[in-house]
Amino acid sequence: GVNSAAVERSSGATPQEIAQAQRELVERAANRLNRHLKVSHPLGRIQIPRMGVNAIFVQGTRWGPDLSKGPGHYPQTSLPGVGRTTAIAAHRTTFGAWFRHIDSLRGDDRITLRLPYATFHYRVFKHEIVKSGDWSIIRDRSFDTIMLSACHPLYSASHRWVVFAALVRVDPVR
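Conventions we followed
- Residues numbered from 1 in each chain as written.
- Predicted model: local features only at pLDDT ≥ 70, side-chain atom pairs only at ≥ 80, totals over all residues.
- Heavy atoms only, no water.
- pLDDT = per-residue confidence, 0-100.
- Helix = DSSP H or I, 4+ residues; strand = E, 2+ residues; numbered from the N terminus.
- Buried < 20%, exposed > 50% of the residue type's maximum accessible area, 1.4 Å probe, protein only.
- Pairing = 2+ DSSP bridges.

## Structural notes on the confidence of the model for the protein
Per-residue confidence for the protein gives a mean pLDDT of 88, with 94% of residues at or over 70. Mean pLDDT across the secondary structure elements of the protein bottoms out at helix α1 (residues 5-9), with 51, and peaks at strand β5 (residues 110-115), with 97.

## A few points about the pairing of strand β2 (residues 53-59)
Counting buried residues in β2 gives 5 out of 7 residues, a clear majority hidden from the surface. Sheet analysis places strand β1 (residues 42-48) next to β2, joined by 6 bridges and oriented antiparallel. Residue pairing across strands places Gln47 opposite Asn54, the latter belonging to β2. In this antiparallel pair of consecutive strands, β1 and β2, the connection spans 4 residues, and Gly52 shows a positive phi of 70 degrees. Bridge count between β2 and strand β3 (residues 72-73): 2 bridges; the pairing is parallel. What sits directly across from Val58, in β3, is Gly72.

## Things to note about the sheet that holds β3
Strand order in this closed barrel of 8 strands is β1-β2-β3-β4-β7-β8-β6-β5, and the pairing throughout is mixed. Taken together, the 6 bridges between β5 and strand β6 (residues 118-131) define a ladder with antiparallel strand orientation. When the sheet's bridge partners are listed, Thr112 is paired in β6 with His121.

## Description of the pairing of strand β4 (residues 85-89)
Moving residue by residue along a regular strand, the side chains alternate between the two faces of the sheet. Taken across its 5 residues, β4 has 5 buried, putting it largely inside the fold. Neither face of β4 is exposed, since Thr85, Ala87 and Ala89 on one face and Thr86 and Ile88 on the opposite face are all buried. Judged from the 2 bridges that link them, β3 and β4 form a sheet pairing that is antiparallel. In the sheet register, His73 faces β4, and the bridge partner there is Ile88. The pairing of β4 with strand β7 (residues 145-152) spans 5 bridges and is parallel. Following the sheet pairing, Thr86 is matched in β7 by Ile146.

This is the structure we're talking about:
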């Protein structure tokens, strides 16, 4: 896990220096895990209180092999904690329909991702509907973002309902 106890014990460290050291530890842990990810294997837990979601998510977004097991992390996006976009997809009508009510999310709703190295807390800031081939939704922004996506409308794959949330807090594993 990420252990910042040594940083906190170091004499004379300012709160800003401690926070920076913790960010660097989390980023190193994310990059280390990223090198060992296996498609279809569990990666972490996603919790979305408004939607009643508390599920294990896997690495990968293939229709059957990955999303039949739960929400899936887009492999072409970063893991949380490296200052980029993390994206997770899930079905609305099949395979547990984890994101059935993605359209119920509102501004400031909470999303939590628990990974082996840290827990990440996000707040929703917007949603949009895009055509299913629009890959701009996973582009990096200038801050840690999580993007959730699901097919839209129900029983169709022509578009995606997309929700964006900004990182507001990180709790490193101690």
